[in-house]
Amino acid sequence: MVGTLDRKRLKYTGKVRPKPGEEDPETGQILYPYLPSEKLVEAVNLAIALERPLLLKGEPGCGKTKLARAVAYELGLPYEAWYIKSTSRARDGLYTYDAVGRLRDAQLAASKIDEEAAVKAKNADAYVELGPLGRAFRNEQPTVVLIDEMDKADIDFPNDLLLELDEQRFEVTEVKQNSPLKKIQAKATPIVFITSNDEKDLPDAFLRRCLFHYVKFPERQQLIEIVKTRFTVSPLELVDAIIDRFLELREEMRRDKGEAGKKVSTSELMDWVRILSHHQDDEILSKLKTELLYPGVLLKSWDDYRRYGEQIRTQPEA
Amino acid sequence: MKIEAPHEELPLLELFTRLREAGLPLGIDEYRLVLKALQEGFGTTDQEALVELCRTLWVKSQDEEHLFNYHFQQVITEPYPLKPSLTRQEEKTTFSPSPEVQQALESQGNYSPELPNTTPATVPVSSELMEVQDEMQVAEAVQITTQNNEEITVNRFTETDEYFPVTRRQMKQSWRHLRRMVRQGLPTELDIEATIEQVVRQGVLLEPVLMPSRVNRTELLLLIDHKGSMVPFHGLSQRLAQTALRGGRLGKASIYYFHNCPTKYLYHDQTRQKAEPVIDFLAKLRPERSAVLIFSDGGAARGGFSLERLELTQKFLDELKQRSRYIAWLNPMATERWFGTTAGEIARLVPMFEVSRQGFDGAIDVLRGRASKAQLKYGL
């Protein structure tokens with residue numbers, strides 16, 4: 001396999017992180033530092049070494065999706081994201097074929113409106129557009145591919161990808177046998193991350209080929225680290241207070257709803273800290289004791305809002 | 001290569017076998033994967049790293065993780081020594097003055113080939129072990145003995161409920177076969193045939209012709225026997241109902257409850273508060289679309305024969321057959337238990353299947369309108 005030698009040198013540490021305010025050169029989005037747990041780092045390296053996709057599960061908002069970008073950043077590899085929708089088909093990730101466009105061009109040519117269209121319509125290759133996985137296969141470098149929320153698709157979707165992930169090749173059925181696009185074989189094995197929210201069960205045959213890691217909710221110390229690397233301003237005392245309040249709320253929710261219920265997550269904490277950082281530090285410190293500031297950022301249902309958002313305000317009176 | 005070595009020397013084989021026993025979908029590939037990872041230097045620092053490695057490679061869900069942790073503990077600490085030779089081996093290594101890390105490694109990699117004493121020749125007790133040809137038997141025996149230990153017994157139960165004869169996923173897959181597709185609704189799909197025809201007629205492509213997409217028009221009516229002898233199967237019936245309602249992609253699915261046999265009323269809820277007369281139920285059926293699946297033990301759970309029950313059931317089935325062509329019966333009891341009971345007699349009237357993957361698929365086949373007569377037990 002080409003690229004195997006290079007892969008030996010690929011090692012993810014989780015220590016190389018973008019500087020504050022650094023932007024993705026391609027999309028212009030701001031990159032945020034990602035702090036993986038040690039176990040997660042080990043799992044990533046294992047997936048790279050064994051050339052298997054890494055399946056990530058965990059409660060929503062605990063950083064499953066962000067991992068792939070962070071790995072691509074540290075290793076300096078190209079990054080492709082494939083966001084799955086309920087209507088996604090396995091083939092969409094490999095390529096799409098614009099049959100209607102070709103038909104249109106053929107029509108234009110036949111009616112002598114557009115002479116160039118005739119040339120174009122003859123060449124079936126021109127209507128093939130590679131998807132994220134297809135592009136990753138064509139790339140000389142190993143590409144980090146994120147297949148986000150695979151469980152959203154049809155239950156047969158993962159099985160349709162088995163061959164492509166296993167043997168890293170696929171065929172474009174629409175083009176002619178001698179076309180250079182007919183058979184696409186991966187030049188370098190992509191590093192594939194798959195996230196799932198467990199909405200549907202994934203088939204055994206598919207699971208067999210994946211490595212699995214359950215992304216756990218970060219420990220208190222790790223949360224502090226995450227907030228500190230992401231937001232430069234806050235003094236330690238304030239961060240402590242915010243995170244204490246946050247964990248308290250989380251614990252309350254866990255007690256009431258059990259393990260399965262929706263609890264406040266890391267991503268919501270980030271939003272909360274961001275909105276809180278617009279305020280004076282003392283103001284936050286004093287107010288946090290009596291009320292949950294900006295509960296709308298953390299509580300996403302009317303039930304939660306009533307139960308946790310107002311509760312603390314009434315407590316001192318009672 | 002380690003892979004070709006005799007099995008006594010394979011590391012972690014014990015754990016692997018136990019996990020397979022416990023129902024984890026592991027194959028030879030998964031085992032080789034661990035070997036490969038070990039050879040590349042993963043999971044060799046300490047015991048924790050090794051656990052983590054195996055977990056990442058072999059465990060695919062949280063429920064499995066629970067099973068894994070239990071078996072790993074068992075294999076590593078081995079409270080009831082499975083192979084005396086090995087415990088001895090471990091004792092030896094514990095007393096040896098090797099550094100801590102090395103020790104940890106050796107004690108868990110029971111069969112690791114670096115150890116000099118693992119060959120059967122040097123360990124006298126191992127000849128006994130050679131007689132035990134089937135490792136499975138031993139594993140079972142150990143499980144039985146460990147059941148005395150309460151702490152471990154508690155751990156043996158997992159939060160998962162997927163140990164029924166048919167898993168949720170399998171049910172969803174099977175429900176999917178139950179379909180009669182018709183084109184219905186808004187035109188959204190490209191009709192290539194019609195488009196070409198239009199181009200031929202008009203000489204130019206003005207716009208593609210669209211047609212409605214295909215939808216499933218099968219209406220499933222799931223009649224569930226509730227309470228009484230069916231109490232042990234409530235979990236199973238709930239799962240049937242859930243998967244039919246959510247994952248099945250049926251045109252429509254309705255659940256009804258009854259006790260023993262539908263007589264005058266069927267109920268929309270388990271507590272039997274919202275009743276619907278059977279006559280109304282039958283009137284709603286549409287012969288071409290409705291598929292009726294009855295889930296009941298038909299008296300096979302308690303055994304015995306009740307003429308009254310048979311007659312009532314026959315009456316209901318006769319009425320049902322007037323209104324629906326697709327009727328099947330799922331019985332939570334195994335086929336062998338039907339003989340001589342009311343269920344055995346009912347199986348002559350309607351295609352009856354036990355709840356297993358095969359049985360469930362058979363029932364779905366009947367509901368699709370395939371070979372319903374041939375499926376009748378004992379013939380007519």
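Below is a short write-up of the structure.

## Here we look at the overall build of chain B
Secondary structure assignment for chain B yields 16 helices and 9 strands. Buried positions account for 46% of the 380 residues belonging to chain B.

## Description of the interface of chain A and chain B
With 30 residues of chain A in contact, the opposing surface of chain B contributes 31 residues. Of the roughly 2700 Å² buried between chain A and chain B on both sides combined, carbon and sulfur atoms contribute 56%. Between R208(A) and E30(B) there is a salt bridge, and its shortest N-O distance comes to 3.2 Å. Across the contact surface, chain A and chain B share 5 residue pairs in polar contact (both at pLDDT 80 or more). Mapped onto the side of chain A that touches chain B, the elements with two or more residues apiece are α2 (38–50), β1 (54–57), α5 (99–110), α10 (204–208) and β9 (211–214) of chain A.

## Section: the pairing of strand β5 (residues 144–148) of chain A
All names here are of chain A. Most of β5 is tucked away, with 5 of its 5 residues classed as buried. On β5, burial covers both faces: V144, L146 and D148 on one face and V145 and I147 on the other are all buried. Pairing geometry for β5 and strand β8 (residues 191–196), over 4 bridges, is parallel. Each residue of the ladder has a partner; that of I147, found in β8, is I194.

## Description of the nonpolar core
Residues L67(A), I147(A), L161(A), F193(A), L57(B), W58(B) and F68(B) are the most contacted members of the largest nonpolar core, which totals 91 residues. Sorting elements by how many residues they give to this core places α2(A) first, with 8 residues. Among residues more than four places away in sequence, those in contact with F193(A) are V44(A), L54(A), L56(A), L67(A), A68(A), V71(A), V144(A), V145(A), L146(A) and I147(A). Membership of the second largest hydrophobic core comes to 56 residues, among which are Y257(B), F281(B), A343(B) and I346(B).

## A word on the packing of aromatic side chains
Residue and element names in this part refer to chain A. Under the definition given, this model contains 10 aromatic pairs over all chains. Note on F137 and F170: the rings are 5.9 Å apart at their centroids and 35° apart in plane angle, and the pair reads as tilted. Here the residue F137 occupies a position in helix α7 (residues 132–138), and F170 occupies one in strand β6 (residues 169–171), the gap between them amounting to 33 residues. Of the two residues, F137 and F170, neither departs from the other in class, the shared state being buried. Site record: aromatic cluster; members linked through ring pairs are Y95, F137 and F170. Looking at R250, its charged tip hangs above the ring of F217, at a distance of 3.5 Å from the centre.

## A closer look at unusual backbone geometry
One non-glycine residue, E149(A), adopts positive backbone phi at about 55°. With respect to the helices and strands, the residue E149(A) is situated in the loop between β5 and α8 (157–160). We note that N260(B) has phi near 65°; this positive angle belongs to a residue other than glycine. Given the relative accessible area of 31%, N260(B) is considered partly exposed.

## A word on the environment of L240(B)
Residue and element names in this part refer to chain B. Following the sequence through the fold, L240 ends up in helix α12 (residues 234–247). On the basis of relative accessible area, L240 is assigned to the buried category, the value being 2%. When the C-alpha positions of L240 and T167 are compared, they lie 9.9 Å apart, and in sequence the two are 73 residues distant. Those residues within four positions of L240 in sequence are excluded, and the remaining contacts are M171, W175, L222, F295, L330 and F360.

## Quick notes on the pattern of salt bridges
Across all of its chains, the model carries 30 salt bridges over all chains by this definition. Between D105(A) and R104(A) there is a salt bridge, and its shortest N-O distance comes to 3.4 Å. Accessibility expressed as a relative area gives 44% for R104(A), which makes it partly exposed. In this structure, the salt-bridge partner of E14(B) is R18(B), at a minimum N-O distance of 3.0 Å. Within this pair, E14(B) and its partner R18(B) are both found in helix α1 (residues 13–21), separated by 4 residues, close to a single helical turn.

## Some thoughts on a nonpolar patch on the surface
Together, V100(A), L190(B), I192(B), I196(B), V200(B) and L210(B) make up a nonpolar patch on the protein surface, roughly 560 Å² of accessible area in all. Among the elements that take part in the nonpolar patch, helix α11 (residues 192–202) of chain B stands out by supplying 3 residues, more than any other. Take L190(B): its relative accessible area is 37%, and that puts it in the partly exposed class.

## Regarding the sheet that holds β5(A)
Residue and element names in this part refer to chain A. The 5 strands are arranged β2-β5-β8-β1-β9 in an open sheet whose pairing can be described as parallel. Every interior strand has two partners, whereas the edge strands, β2 (79–83) and β9, have only one. Strand-to-strand twist of the sheet, defined as the mean angle between neighbouring strand axes without regard to direction, takes the value 20°. Bridge analysis of β2 against β5 gives 5 bridges, and the strand direction is parallel. For W82, the partnering residue across the bridge sits in β5 and is I147. Those strands touched by α2 are β1, β8 and β9, and its axis lies near 165° from that of β9. Against the sheet, helix α3 (residues 64–75) touches β1, β2, β5 and β8, its axis set at about 165° to β8.

The rules behind each value
- Residues numbered from 1 in each chain as written.
- Chains lettered and ligands numbered in written order.
- Predicted model: local features only at pLDDT ≥ 70, side-chain atom pairs only at ≥ 80, totals over all residues.
- Heavy atoms only, no water.
- Helix = DSSP H or I, 4+ residues; strand = E, 2+ residues; numbered from the N terminus.
- Buried < 20%, exposed > 50% of the residue type's maximum accessible area, 1.4 Å probe, protein only.
- Contact = heavy atoms within 4.5 Å.
- Buried area = accessible area lost by both parts, 1.4 Å probe.
- Salt bridge = Lys/Arg side-chain N within 4 Å of Asp/Glu carboxyl O.
- Polar contact = N/O pair within 3.5 Å; in protein donor to acceptor, adjacent residues only side chain to side chain.
- Pairing = 2+ DSSP bridges.
- Core = buried A, V, L, I, M, F, W, Y, C linked by side-chain atoms within 4.5 Å.
- Phe/Tyr/Trp six-rings, centres within 6.5 Å; stacked < 30°, edge-to-face > 60°.
- Lys NZ or Arg CZ within 6 Å of the ring centre and 35° of its normal.
- Patch = residues over 30% accessible without salt bridge, like charges linked within 9 Å, V, L, I, M, F, W, Y side chains within 5 Å.
- Areas by Shrake-Rupley, 256 points an atom, 1.4 Å probe, with all protein chains shown as cover.
- Axes fitted to C-alpha atoms, helices over the stretch in contact; angles between N-to-C directions.

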